[in-house]
Amino acid sequence: MKSEKIPVILVSLAVIVAFFVRLDYLLAGSVPQHPLAATISQAFSTIGNGAFLFLALAALYGAGIFRKDDYYKSSAKEGLLALGLSSVLVHLLKASFERPRIGRGEDAIDYFLQSPHLFDLTGKYNSFPSGHTAASFAVAYVLARKFPRFAFLIYAIAFLVGVSRVYIGSHYPTDVLAGALLGVATGYLLLTKTNRTEKWITAGVALLVVCVTFFKSGGFFLFDVDEAVFSEAAREMAETANLITPTYNYEPRYDKPILIYWFMSASLKLFGATEFAARFTSGIFGALLSLMTFFFVKEVKGIMAALLSTLALLLCVEFFVYSHSAVTDMTLAFFITASLYSFYMGAHTGNNRWFLWFWVASALAVLTKGAVGLLFPAVIAGGFILLSGRKDLIRPLLKPSLIGLFFLISAPWFIVQLMVNGREFFDAFIVKHHIQRYSGVISSHGGPFYYYFLVLLAGFFPWVAMLVPGIYRGLKERLDVNSALYLLCSIWVLFVLVFFSISRTKLPNYIFPLFPAAAILSGLVMAEMVEGARRSKASLLTLFFLAAIFASALFILPSIGVKMEISYAPGFFYALGVIFLIAAILSIAALYKPLPAFIGLSATALSLIIFLRLDALPPANIYLQKSLHDYAKFARINLPSDGVLATYEINKPSIAFYARSGVVKSDKSNVQRLAEYARTTPMMVITTPGKSEELKEYGFKVIDARNDYILLGTGKTPGAVPK
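S.K.: Can you help me understand a nonpolar patch on the surface in this one?
M.R.: Together, Phe555, Ile556, Ile560, Val562, Met564, Tyr574, Val578, Leu581, Ile582 and Ile585 make up a nonpolar patch on the protein surface, roughly 860 Å² of accessible area in all. Elements with a minimum of two residues in the nonpolar patch: helix H24 (537–556) and helix H25 (570–589). Ranked by the residues each element gives to the nonpolar patch, the list is headed by H25, at 5 residues. Mapped onto the fold, Phe555 is located in helix H24. On the basis of relative accessible area, Phe555 is assigned to the partly exposed category, the value being 32%.

S.K.: I tried to follow the sheet that holds strand E5 (residues 683–687) on my own but got confused; where do I start?
M.R.: Backbone-to-backbone hydrogen bonds join strands into a sheet, with any given pair of strands oriented parallel or antiparallel. Taken in spatial order, the 5 strands make up an open sheet running E4-E3-E5-E7-E6, and their pairing is mixed. Across the chains shown, the open sheet's two edge strands, defined by having one partner strand only, are strand E4 (664–666) and strand E6 (701–705). Going across the sheet, the axis of each strand differs from the next one's by a mean of 25°, ignoring polarity. Across 4 bridges, E5 lies against strand E7 (residues 710–713) in antiparallel orientation. Within E7, the position partnered with Ile686 by the bridge is Leu711. Strands strand E3 (644–648), E5, E6 and E7 of the sheet are contacted by helix H26 (residues 594–638), whose axis makes an angle of about 175° with E5.

S.K.: For this particular structure, what's the right way to read the side chain of Ser75?
M.R.: Topologically, Ser75 is positioned in helix H4 (residues 70–97). Residue classification places Ser75 among the buried positions, given a relative accessible area of 0%. Among the polar contacts listed, one links the side chain of Ser75 to the backbone oxygen of Tyr71, at a separation of 2.8 Å. If sequence neighbours within four positions are ignored, Ser75 has contacts with Leu60, Val142, Lys146 and Phe147.

S.K.: Explanation requested: the side chain of Thr337 in the structure shown.
M.R.: Relative to the helices and strands, Thr337 resides in helix H15 (residues 329–349). Owing to a relative accessible area of 0%, Thr337 belongs among the buried residues under this scheme. Thr337 has contacts with Leu289, Met292, Trp492 and Pro516, leaving out every residue within four places of it along the chain.

S.K.: Please clarify how the environment of Glu275 should be interpreted in this entry.
M.R.: By secondary structure assignment, the location of Glu275 is in helix H12 (residues 275–301). The exposure class assigned to Glu275 is buried, which follows from its relative accessible area of 11%. A sequence separation of 48 residues divides Glu275 from Glu227, and the C-alpha atoms of the two residues are 9.9 Å apart. Residues in contact with Glu275, not counting those within four places in the same chain, are Ile109, Ser217, Gly218, Phe220, Phe221, Leu222 and Tyr658. Side-chain polar atoms of Glu275 contact the side chain of Tyr658, separated by 2.7 Å.

S.K.: Sorry, what's going on with unusual backbone geometry here?
M.R.: Only a minority of non-glycine residues have a phi that is not negative, and only a minority of peptide bonds are not trans. Note the cis peptide between Phe128 and Pro129, where omega equals -10°. Residue Val225 is reached from Asp224 by a cis peptide bond, and omega for that bond is 15°. In the Ramachandran plot, Lys216 falls in the positive-phi region, its phi being about 50° despite a non-glycine side chain. Considering the arrangement of structural elements, one finds Lys216 in the loop between helix H9 (196–213) and helix H10 (226–240). Of note in this structure, Glu649 is not a glycine but carries a positive phi near 60°. In this structure, Glu649 sits in the loop between E3 and helix H27 (654–659).

S.K.: Honestly, H12 in this entry has me stumped. Any pointers?
M.R.: A rise of 1.5 Å per residue sets the reference length of H12, with its 27 residues, at 39 Å; its end C-alpha atoms lie 38 Å apart and thus fit the reference within 8%. The largest bend along H12 measures about 40° and falls at Thr281. Of the residues one or two after H12, Gly302 is the one with positive phi, at around 100°.

S.K.: Mind showing me how you'd approach the nonpolar core here?
M.R.: Inside soluble globular proteins, nonpolar side chains tend to come together where they are buried. Phe343, Phe384 and Phe460 are the most contacted members of the largest nonpolar core, which has 168 residues in total. At 15 residues, H26 tops the list of elements feeding residues into this core. Among residues more than four places away in sequence, those in contact with Phe343 are Phe355, Phe358, Ala381, Phe384, Ile385, Leu393, Leu397 and Leu488. Counting 15 residues, the second-largest nonpolar core is a separate cluster that includes Val664, Met683, Leu695 and Phe700.

S.K.: Before we go on, may I ask you to explain the packing of H4 against H9 in this structure?
M.R.: How two helices pack is summed up by the angle between their axes together with the distance between the axes. At a minimum axis distance of 9 Å, the contact between H4 and H9 shows a crossing angle of 25°. Of the possible angle classes, the one that applies to H4 and H9 is roughly parallel. Listed contacts from H9 to Leu85, Leu89, Leu92, Leu93, Ser96 and Phe97 of H4 are Trp200, Leu207, Val210 and Cys211. Looking at the contact of H4 with H9 residue by residue, the class counts come to 9 nonpolar, 1 polar and no charged.

S.K.: How should the packing of aromatic side chains be read in this particular structure?
M.R.: When we look at a pair of aromatic rings, we describe it by the centre distance and by the angle of the planes. This model, assessed by the stated rule, comprises 57 aromatic pairs. Counting every residue linked through ring pairs, the aromatic cluster contains Phe296, Tyr341, Phe343, Tyr344, Phe355, Phe358, Trp359, Phe384, Phe406, Phe407 and Trp492. The ring centre of Phe230 lies 4.7 Å from the NZ or CZ of Arg253, which sits over that ring. Lying across the ring of Phe657, Arg660 places its NZ or CZ 5.0 Å from the centre.

S.K.: Please clarify how the environment of Ile610 should be interpreted in this entry.
M.R.: The residue Ile610 is located in helix H26 in this model. As for Ile610 and Val212, which are separated by 398 residues in sequence, their C-alpha atoms are 9.0 Å apart. Those residues in contact with Ile610 that sit more than four places away from it in its chain are Leu118 and Phe215.

S.K.: Before we go on, may I ask you to explain helix H3 (residues 50–67) in this structure?
M.R.: Taking 1.5 Å per residue, 18 residues should reach 26 Å; H3 reaches 26 Å between its end C-alpha atoms and fits that length. Buried within H3 we find Leu53, Leu57, Leu60 and Gly64. Projected onto a plane normal to the axis of H3, the buried residues spread over an arc of 50° and lie on a single side. Residues Leu55 and Phe66 are exposed on H3 and point more than 90 degrees away from its buried face. On its buried side, H3 packs onto helix H2 (35–47), H4 and helix H6 (131–146). Measuring from the side-chain oxygen of the N-cap residue of H3 to the backbone nitrogen of Ala51 gives 2.8 Å; that N-cap residue is Asn49. One or two positions beyond H3, positive phi appears at Lys68, with a value near 55°.

S.K.: Just to check I follow, could you spell out the pattern of salt bridges for this structure?
M.R.: Proximity of charged atoms lets side chains of opposite charge pair with each other. With the rule as written, the count across this model stands at 21 salt bridges. Linking Glu528 and Arg473 is a salt bridge whose minimum nitrogen-to-oxygen distance equals 2.2 Å. Of this pair, Glu528 sits in helix H23 (residues 515–530) while Arg473 sits in helix H21 (residues 467–476), placing them 55 residues apart in sequence. Judged by its relative accessible area of 10%, Arg473 is buried. Asp630 is paired through a salt bridge with Lys626; the nearest N and O atoms lie 3.1 Å apart. One end of the pair, Asp630, and the other, Lys626, are both in helix H26, 4 residues apart, so they sit about a helical turn from each other. As far as the burial class goes, Asp630 and Lys626 line up, both buried.

S.K.: Could you clarify how one ought to interpret the packing of helix H8 (residues 173–191) against H9 in this entry?
M.R.: At a minimum axis distance of 10 Å, the contact between H8 and H9 shows a crossing angle of 155°. In terms of their interaxial angle, H8 and H9 are classed as roughly antiparallel. Regarding H8 and H9, the two cross each other, and that crossing is left-handed. Judged by residue contacts, Tyr188, Leu189 and Leu190 of H8 engage Arg196, Lys199, Trp200 and Ala203 from H9.

Cut-off values and rules
- Residues numbered from 1 in each chain as written.
- Predicted model: local features only at pLDDT ≥ 70, side-chain atom pairs only at ≥ 80, totals over all residues.
- Heavy atoms only, no water.
- Patch = residues over 30% accessible without salt bridge, like charges linked within 9 Å, V, L, I, M, F, W, Y side chains within 5 Å.
- Areas by Shrake-Rupley, 256 points an atom, 1.4 Å probe, with all protein chains shown as cover.
- Salt bridge = Lys/Arg side-chain N within 4 Å of Asp/Glu carboxyl O.
- Helix = DSSP H or I, 4+ residues; strand = E, 2+ residues; numbered from the N terminus.
- Buried < 20%, exposed > 50% of the residue type's maximum accessible area, 1.4 Å probe, protein only.
- Pairing = 2+ DSSP bridges.
- Axes fitted to C-alpha atoms, helices over the stretch in contact; angles between N-to-C directions.
- Contact = heavy atoms within 4.5 Å.
- Polar contact = N/O pair within 3.5 Å; in protein donor to acceptor, adjacent residues only side chain to side chain.
- Expected span 1.5 Å × (residues − 1).
- Bend = angle between axes of the 7 residues up to and from the residue.
- Core = buried A, V, L, I, M, F, W, Y, C linked by side-chain atoms within 4.5 Å.
- Parallel < 35°, antiparallel > 145°, perpendicular 65-115°, else oblique.
- Nonpolar A, V, L, I, M, F, W, Y, C, P; charged D, E, K, R; others polar.
- Phe/Tyr/Trp six-rings, centres within 6.5 Å; stacked < 30°, edge-to-face > 60°.
- Lys NZ or Arg CZ within 6 Å of the ring centre and 35° of its normal.
- Arc of directions from axis to C-beta.
- Left-handed = near helix turned anticlockwise from the far one by under 90°.

Pasting the structure below:
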């Protein structure tokens, strides 16, 4: 496929997907029923059943035996392979997306949190993609290729199978579209003979990327504060259609530039105000970042380095967290990474057209999070030019027309904001969220200088052990053209790490833009070990000791009686300890059999991610967010249109998101506002039990009380809050 056709195909596919998403709202569960149409639909649905397709292919194989026709038999075998493979892929994707069937979405999140599972055995929460459609199109692709004269009829039957699943109310249109694409892709992989190894590796990476970046991302409540405030600001943008100034609680919010809100509000407009929709932007950019890394490294270093680099990026806790968080970090990392990959491709190939994309991606990074969007690419690219002696890159990189394009993309929104909101925008966005955030401690988010080294140890485990030899080689061999990628990634990692270590405000997500570079360094080191070019015994021994320390700590922790707000059974820590113990064993095995050991480490890292998502996250999410969700939802349903929802002495943006309304924020300094509202307006107040006593004199009644929060109201209590 020609590279210039790829953007056209991607845009076309995006338009088709958006169209089918809208069809979800129009058709799912509301198609007019007719007895004859229902009977026909049930018949085609039966045709798409795996058992029916298996019997049909078995009959084709039997016909081949009867007629002594090897072509019939080979066609049946390939059809059966397509059927089996599509079934496996469907179940993996169903487990990842965890989409409720039609009519079961209202309270699904409570079910997911109370009874987390890898695979849904009830059949109620595995709508995406359609298994019947995937199986039908997988078999159809094979049979249409084998019997081209009947291709139209074969595909027509598969199409009608998909239509039948929507008609009878078993699937959304997007389930069927995804099933059809998956089925065709399965058949293509099985029948394509050229470059089979690379195609299978690429397909496997793509499947893993999609499964990991969207793994049950809609199955838990939004976390306060950052996730919820971004989501509520995006919801308000979708509601008000104000695409210029982001608002939170219907007041201007200047923390971040506009691009993330455009993406998130579009997602909420498409999918509705759900947790999945709020996190979709991070998920899609996480998938794009992983795939971009795979194809970039494959182009410059080969398939093995690409595979191991992508696994290192994808299978670490920090990547998983920010691909599942409705915040800016994944989107920012994507654009910064795209900028630096483009720079390297221009330097590597001598094609100056790549520098255009360096500036375009940098401009979009600026529109995502401000000055760092240009600072990081500019300093890292400049450092590469300086240390590698590539002064020939300066003139084409700094071409005035390219710099002009950067400002053409990035500047207009900032100019409009200054025109509309003036000094208020400048003080909040520039002074507070750039200068003061770096020079001072904002919201008590401080930390020691070594803070981010600890973040790397935990967030980039187990691949962090490969970083030191990669950085050492990059700096030592900085003039060697074969080590140019090492050099770029070394500068990238070190600059971001040092930059934020100096910053006085510290949060784990700040250094996330260095993770693609760290993954490439780790992947390159591992690839050289696999290919026998170099042995990094020190890094493997480092990994052994790290894993052993983590495992020992987890095995000991239940016995020392550490008190935690969220209670986990001893078995939880023992299971985690076993995962780290396996990592320690595999680190030693890598000394002798690198490739199997690294694949084993990848499986171990994947197991860690799955375990944390299924066993660690639900109790924490319930403890921190469930009461707030329940109270906000209760207020949304029971307060009249002129009613007021307020909070007292708490800052929890998730309340506004789940209430779908503005919230009156109050504390001791303005508690009289609540008293005034209470005298004239139906009202509910969410606060903590300790603070509720301060509101008794204003006539509030207890609607519901829990250990963490309490819901108060005026007038007649509307009923109990569902738990």
